[in-house]
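Structural characterization, general
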Amino acid sequence: MFPVELSGAKAPTLMWAAEHEIEQAALRQLRNIASLEWVHGVRVMPDVHLGKGATVGSVIAMRDAVAPAAVGVDIGCGMESVKTDLTAADLPDDLRSLRSRIEAAVPVGFAAHKNAVDPARLALGPHGRQARAARGWDRFWRDFGDLHPGVQALESKAHKQIGSLGGGNHFIEVCLDTEDHVWILLHSGSRNIGKELAERHMAVARGLAHNQGLPDRDLAVFLAGTPEMTAYRRDLTWAQEYAARNRATMLALVCQAVRDEFGPRPVHFDEPISCHHNYVAEEEIDGVPMLVTRKGAVRAGAGDLALIPGSMGTRSYVVRGKGNPDSFCSASHGAGRRMSRSAAKRQFTVADLVAQTEGVESRKDAGVVDEIPAAYKDIDEVIAAQADLVDIVATLRQVLCVKG
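Residues numbered from 1 in each chain as written. Predicted model: local features only at pLDDT ≥ 70, side-chain atom pairs only at ≥ 80, totals over all residues. Heavy atoms only, no water.

**A word on the overall build of the protein chain**
A count of helical and extended segments in the protein chain gives nine helices and 17 strands. For 404 residues, the compact-globule estimate of 2.2 N^0.38 gives 22 Å, and the C-alpha radius of gyration of the protein chain, at 21 Å, lies within 12% of that figure. The C-alpha extent of the protein chain, read off along each of the three principal axes, is 60 × 50 × 40 Å. Scored against the burial criterion, the 404 residues of the protein chain give a buried share of 57%. A sequence separation of at least 24 residues applies to 75% of the contacts in the protein chain between residues at least 6 apart. (Helix = DSSP H or I, 4+ residues; strand = E, 2+ residues; numbered from the N terminus. Rg over C-alpha atoms; globule rule 2.2 N^0.38 Å. Buried < 20%, exposed > 50% of the residue type's maximum accessible area, 1.4 Å probe, protein only. Contact = heavy atoms within 4.5 Å.)

What follows is the structure, encoded as structure tokens:
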């Protein structure tokens, strides 16, 4: 059935979703993207929905150009997961204590740590080895001084937000797979510093002469070989690393909370799985070097492990990429929203949220009604639509969810 071509698109645009099931505003956005002279091709994932400038669930291959909106403001946003040696039998009937312990370890929403986390004290592996987040900090923070001048006053805040969750659709979950093994799964990005960098560069791009007359001013691009592109790629690379370090730090904090909750029983953890879904990569497409942006999409090269979550009351998936060149070796980043946050708040109540998250230890209040499972597409249908892109490695169901 899939892929199908998007009608009226200037550059080749293949979709793993039916055109009639995609909102008209998102279709217009995709056609606008495909009309840019630098675009080689667009690929559309089954979780597609309207975004700012560029559509969420889109993969764009450009020749010597990058549109910051095709990455988004949460640069480097992605997923992290680890399998433990705990099983469902090890979990207590009431998970409120574990949720409280995780929430005490990881700030959520706009919050940050009172003092920056010392990564040298974090352990993740079965023998207490240092977390991946413990390596390379001196070099990483030295590079902060080279970032856009407009963010230099934010260094202290950036330090304190490492190891914090944020809000919206970001989450920390404890899950069970089909064999009742316990997994930890989390979703977060580059926090405020990524947003600040992205917005400053988007503003620069909109003012460049070659971007005048675009169908959408938010699709402004930087061109290879220009100082503006160099500055953006430098800051983008740093923010992508920030996001990865943030998730690795968070995962280590959550793992320690799990150790503390189940002590003195030792808890062992497998090697983590990590993937970005808002980022830029240099890749060869159709035999030609391209700059590929994935916004709400993951790389699914042959053998690549990735994580595709549903919502706070449905399943999530660990998948392995098939390396399908038709999709530019990509897959979806999640279920994708089927309605806006404001629409979800108008349509659903706290009682609906309680019913749809039955059996999941989580917030059940008006502050997260916009994250209700019914506001998202059916994750099983999304996975089925990309059977030619990924194989399922593990199916996870939430028993605990922390939201900002």
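So much for the structure itself; the text now carries on.
**Some remarks on helix α2 (residues 96-105)**
Every buried residue of α2 is listed here: Leu98, Arg99 and Ile102. On an axial view of α2, the arc spanned by its buried residues comes to 100 degrees, and they lie on one face. Along α2, exposed side chains directed more than 90 degrees from the buried face belong to Arg96 and Ala104. (Arc of directions from axis to C-beta.)

**Points about the layout of surface pockets**
Taken as a whole, the second largest pocket encloses approximately 260 Å³ of empty space. Taken together, Arg101, Ala105, Ala116, Val117, Asp118, Arg121, Leu122, Ala123, Leu253, Gln256, Ala257 and Asp260 form the lining of the second largest pocket. Counting only elements with at least two residues in the lining of the second largest pocket, the list comes to α2 and α6 (227-262). A per-element tally of the lining of the second largest pocket places α6 first, with four residues. Of the residues contributing to the lining of the second largest pocket, the split by class is seven nonpolar, one polar and four charged. (1 Å grid on protein atoms, 1.4 Å probe; cavity = no way out; pocket = protein on both sides within 12 Å on 5 of 7 lines; lining within 4 Å. Points joined across faces, edges and corners; volume = space filled by probe spheres on them. Nonpolar A, V, L, I, M, F, W, Y, C, P; charged D, E, K, R; others polar.)

**What about the pairing of strand β14 (residues 305-308)?**
Pairing between β14 and strand β15 (residues 315-321): four bridges, direction antiparallel. Note that in β15 the partner of leucine 307 across the bridge is valine 318. (Pairing = 2+ DSSP bridges.)

**Focus on the packing of α2 against α6**
Where α2 meets α6, the axes come as close as 9 Å, and the angle between the chain directions of the two elements is 140 degrees. With respect to each other, α2 and α6 are oriented oblique. Handedness of the crossing formed by α2 with α6: right-handed. Side by side, α2 and α6 meet where Ser97, Leu98, Arg101, Ile102 and Ala105 of the first sit next to Leu253, Val254, Ala257, Val258, Asp260, Glu261 and Phe262 of the second. Broken down by class, the residue content of the contact of α2 with α6 amounts to eight nonpolar, one polar and three charged. (Axes fitted to C-alpha atoms, helices over the stretch in contact; angles between N-to-C directions. Parallel < 35°, antiparallel > 145°, perpendicular 65-115°, else oblique. Left-handed = near helix turned anticlockwise from the far one by under 90°.)

**Some thoughts on empty space enclosed by the protein**
By the definition in use, this model includes one cavity of 30 Å³ or more. In this structure, the largest cavity occupies an estimated 40 Å³ of space. Thr84, Leu86, Leu91, Leu98, Val174, Val182, Ile184, Val258 and Phe262 together form the lining of the largest cavity. Residue composition of the lining of the largest cavity, by class: eight nonpolar, one polar and no charged.

**Thoughts on the pattern of salt bridges**
Scanning all chains against the criterion turns up 27 salt bridges. A salt bridge links arginine 31 to glutamate 19, with the shortest nitrogen-to-oxygen separation between them at 2.9 Å. In this pair, arginine 31 is assigned in helix α1 (residues 24-34) and glutamate 19 in the loop between β2 (13-15) and α1, connecting sequence segments twelve residues apart. Classification of glutamate 19 by relative accessible area gives partly exposed; the value is 23%. Residue arginine 245 is joined to glutamate 241 by a salt bridge in which the shortest nitrogen-to-oxygen separation is 2.9 Å. Separated by four residues within a single helix, arginine 245 and glutamate 241 lie in helix α6, roughly one turn from each other. A residue is classified by how much of its surface remains accessible, and arginine 245, at 9% relative accessible area, is buried. Connected via shared salt-bridge partners are Arg337, Arg341, Asp370, Glu371 and Lys403. (Salt bridge = Lys/Arg side-chain N within 4 Å of Asp/Glu carboxyl O.)

**Considering the nonpolar core**
Counting 51 residues, the largest nonpolar core has Trp141 and Trp238 as the members making the most contacts within it. Of all the secondary structure elements, the ones that give two or more residues to this core are α1, β3 (39-49), β4 (56-62), β5 (65-66), α3 (137-142), α5 (191-206) and α6. Ranked by residues supplied to this core, first place goes to α6 with six residues. When residues no more than four places from it in sequence are discounted, the contact partners of tryptophan 238 are Phe140, Trp141, Asp143, Phe144, Leu147, Ile193 and Leu197. (Core = buried A, V, L, I, M, F, W, Y, C linked by side-chain atoms within 4.5 Å.)

**Topic: unusual backbone geometry**
With omega at 5 degrees, the peptide bond leading from phenylalanine 2 into proline 3 counts as cis. By the element assignment, proline 3 lies in the segment before β1 (4-5). The amide bond that connects glycine 263 to the next residue, proline 264, takes the cis arrangement and shows omega of 5 degrees. Secondary-structure assignment places proline 264 in the loop between α6 and β10 (273-276). Positive phi values are uncommon outside glycine, yet aspartate 64 reaches one of about 55 degrees. Looking at where aspartate 64 falls in the secondary structure, it is placed in the loop between β4 and β5. Take aspartate 64: its relative accessible area is 55%, and that puts it in the exposed class.

**Notes on the sheet that holds β15**
With respect to topology, seven strands assemble into an open sheet ordered β10-β6-β8-β7-β17-β15-β14, the strand pairing being antiparallel. A single partner strand is all that each edge strand has here, and the edge strands are β10 and β14. Averaged over neighbouring strand pairs, the angle between their axes works out to 30 degrees when direction is ignored. Here six bridges tie strand β7 (residues 171-176) to strand β17 (residues 390-403), and the two strands are oriented antiparallel to one another.

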